[in-house]
Amino acid sequence: MSWIREGELNLIERISANILKAGPMPKHVAFIMDGNRRFARKKQMERQEGHMQGFNKLAETLRWCKNLNIQEVTVYAFSIENFKRSQNEVDELMVLAKQKFEKLLEERENLEKHGVCIRVLGDLNMLPLDLQQLIAKAVVSTKTHNKCFLNVCFAYTSRYEITNAVREMAWGVEQGQIKASDVSEALLSECLYSNNSPNPDLLIRTSGVRLSDFLLWQTSHSSVFQSVLWQEYSFWNLCEAILQYQLNHTSIQKARDLHREHQAFVQLEADRACVAEHLQHHGNGKPADARRRQEALQHYTTCREERIHDFLEALQNRRDSYYNDLLSDAVVA
Ligand code: FPP
Ligand code: MG
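Since the model is a prediction, treat every value here as computed from it, not as a measurement.

Visitor: Mind laying out the packing of aromatic side chains, listing which residues take part and the relevant values?
Guide: According to the stated counting rule, one finds 15 aromatic pairs in the structure shown. Measuring from ring centre to ring centre gives 5.5 Å for W3 and F101, while their planes differ by 50 degrees; the resulting arrangement is tilted. You can see W3 sitting in the segment before α1 (11–21) and its partner F101 sitting in helix α4 (residues 87–106), a full 98 residues away along the chain. Centre to centre, the rings of F78 and F83 are 4.9 Å apart; their planes meet at 80 degrees, and the pair counts as edge-to-face. Through pairs of rings, three or more aromatic residues link up here, namely Y76, Y156, Y193 and F214. Lying across the ring of Y300, R307 places its NZ or CZ 5.8 Å from the centre. Directly above the ring of W171 sits R318, whose terminal nitrogen or CZ lies 3.9 Å from the centroid.

Visitor: Describe in detail the pairing of strand β3 (residues 116–121), supporting the description with residues and values.
Guide: With respect to burial, β3 is a largely interior element, six of its six residues being buried. What you see with β3 is no split at all: V116, I118 and V120 on one side and C117, R119 and L121 on the other are buried throughout. Pairing between β3 and strand β4 (residues 148–156): six bridges, direction parallel. Bridged to L121 within β4 is C153.

Visitor: Can you explain the pattern of salt bridges? Please cite residues and give values.
Guide: Taken as a whole, this structure holds 21 salt bridges when the rule is applied. Of the charged contacts in the structure, one is a salt bridge between K42 and E232, with a shortest N-O distance of 2.7 Å. With K42 in helix α2 (residues 36–42) and E232 in the loop between β6 (223–226) and α9 (235–247), this pair connects stretches of sequence that are 190 residues apart. Between K57 and E60 there is a salt bridge; the shortest N-O distance is 3.1 Å.

Visitor: Just give me the short version of the side chain of T219, but keep the residues and values in it.
Guide: Note that T219 resides in the loop between β5 (202–206) and β6. At a separation of 2.7 Å, a polar atom in the side chain of T219 contacts the main-chain carbonyl oxygen of L215. In this view, T219 contacts P200, L203 and F214; residues no more than four positions away in its chain are not counted.

Visitor: Can you explain the packing of α4 against helix α6 (residues 129–142)? Please cite residues and give values.
Guide: Packing of α4 against α6 leaves a shortest axis separation of 9 Å and a crossing angle of 30 degrees. One element, α4, and the other, α6, form an angle in the roughly parallel class. The hand of the α4/α6 crossing is left-handed. Listed contacts from α6 to M94, A97, K98, F101, E102, L104 and L105 of α4 are D130, L131, L134, I135, K137, A138 and S141.

Visitor: Which residues make up unusual backbone geometry, and what values do they have?
Guide: The phi dihedral of N69 falls on the positive side, at around 60 degrees, and the residue is not glycine. Inspection of the secondary structure assignment puts N69 in the loop between α3 (47–67) and β2 (72–79). Accessibility expressed as a relative area gives 49% for N69, which makes it partly exposed. The residue S212 is not glycine, and still its phi comes out positive at about 50 degrees. One can find S212 in the loop between β5 and β6.

Visitor: Could you give an account of the site of ligand 1, naming the residues involved and the relevant values?
Guide: Close to ligand 1 lie 16 residues; D34, N36, R37, R38 and R85 are nearest. D34 is positioned with one of its side-chain polar atoms (N or O) 2.8 Å from an oxygen atom of ligand 1. For ligand 1, an oxygen atom lies 3.4 Å from a polar atom in the backbone of G35. Look at ligand 1: alone it shows 630 Å² of surface, and the protein chains cover 94% of it. For the shell around ligand 1, the secondary-structure elements that each account for two or more residues are α2 and α3. When grouped by side-chain class, the residues that make up the shell around ligand 1 number seven nonpolar, five polar and four charged.

Rules used in this analysis
- Residues numbered from 1 in each chain as written.
- Chains lettered and ligands numbered in written order.
- Predicted model: local features only at pLDDT ≥ 70, side-chain atom pairs only at ≥ 80, totals over all residues.
- Heavy atoms only, no water.
- Phe/Tyr/Trp six-rings, centres within 6.5 Å; stacked < 30°, edge-to-face > 60°.
- Helix = DSSP H or I, 4+ residues; strand = E, 2+ residues; numbered from the N terminus.
- Lys NZ or Arg CZ within 6 Å of the ring centre and 35° of its normal.
- Buried < 20%, exposed > 50% of the residue type's maximum accessible area, 1.4 Å probe, protein only.
- Pairing = 2+ DSSP bridges.
- Salt bridge = Lys/Arg side-chain N within 4 Å of Asp/Glu carboxyl O.
- Polar contact = N/O pair within 3.5 Å; in protein donor to acceptor, adjacent residues only side chain to side chain.
- Contact = heavy atoms within 4.5 Å.
- Axes fitted to C-alpha atoms, helices over the stretch in contact; angles between N-to-C directions.
- Parallel < 35°, antiparallel > 145°, perpendicular 65-115°, else oblique.
- Left-handed = near helix turned anticlockwise from the far one by under 90°.
- Near = heavy atom within 4 Å.
- Areas by Shrake-Rupley, 256 points an atom, 1.4 Å probe, with all protein chains shown as cover.
- Nonpolar A, V, L, I, M, F, W, Y, C, P; charged D, E, K, R; others polar.

Interpretation note: all reported values are geometric properties and have no functional meaning in isolation.
What follows is the structure, given as C-alpha cells:
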C-alpha cells in the first residue's frame, strides 16, 4: 500500500465536503492513531497485520485530507513509550516503518507531483541506523516540496521534545549566541521539532481519551476524542471532528488571539526590564528621558531579534548536517 492514494471523493462525500468547506476549515490536523492492537484482536488477526492496516488507514485519511484542502497532517506513529513494548512488537514496528519509508522513496516522483513534504519529528538516534538513513533520504528528498506537509512523529513524546528544546536553548546560551534573557515562549516554540509548522488547528484521537504526551505544547486549543478504532476510522468520522472544530471555532480563535496578545505583552515587559537595567548601569546615575528610553528599547529589540535569527540559523544548520552526515554514511556503506 502506497502513501499517496489517488482518487476523488464519491458524490455524497463531495457534497458533504463542500458544505463543510463553506465554514472555517482546519489547515493542519494532528492524529493519535490508536486502537491497532484492539482491532487486530477483534478481527482475530496477527498484531502486525493490525499495525499494517493502521498504515493503510493513514494513507486513506491523507487522501480525505487532501480532498478537504487540509494542507498539513501530523501523526503519532511511534512514541518513545512504545519502546517499552515487547522486543518482538518493537521490532515489528521498526520493520513496518522501514518497509514504508522504502516504499516512500520508490514513490518520490508521485510525492513531487503532489508537492508532498515529509518531515519526521522525534529523536532519530533512538532508531536503528538503516531506518535513520531511510528517514534522512525521505526528508531531504522532499524538503523543497510545499503543497502539503506530512509530519510523522517517530520516537517522539512531547515532554522529550520540550526538554530537547530547552537543551538547545541552553546550548545557545553556552555558545554565547543568545542571552539567558532571550529565552521566551516564542523562542522555545522555534526550538521544537515542529518549528517549521504552524500549530495544529485540530487534534483528533481515536479510541482513547488521553493526549498520551503528544504535541502538548502545540495543541492547547482544540482536541476531539472519537471512540472508533483507528482502522475503522471513516470519512464521516473526520467530517464529524471538523464539524466540532467549526462549532468551537469562535472561542478557539478568541483564545488564540488572547494568547498572542499576552505573549507580545510579556515580551515587551521583558525587553523594557532589560533596557531599564542597562540604562541604570550606563546612565551615570541620571534617569533617562522618554525619548532615550524608546531609542534604547528599539535598539535592544533589533539586537535581540538578530541574535535569535543567527541562533536559529545555527540550530537549523546543525539539524541539516545531522541528515547530511546520515546520507553520506549511507553512500559509504
Ligand atoms: C497505536 O495502537 C498505534 C501504534 C503504536 C502504531 C501506529 C503506527 C501506524 C498506524 C503505522 C504508521 C507507520 C508509519 C511508518 C507512518 P496500539 O498499538 O496502541 O493499539 P491498542 O491501543 O489497541 O493497544
Ligand atoms: Mg494504544
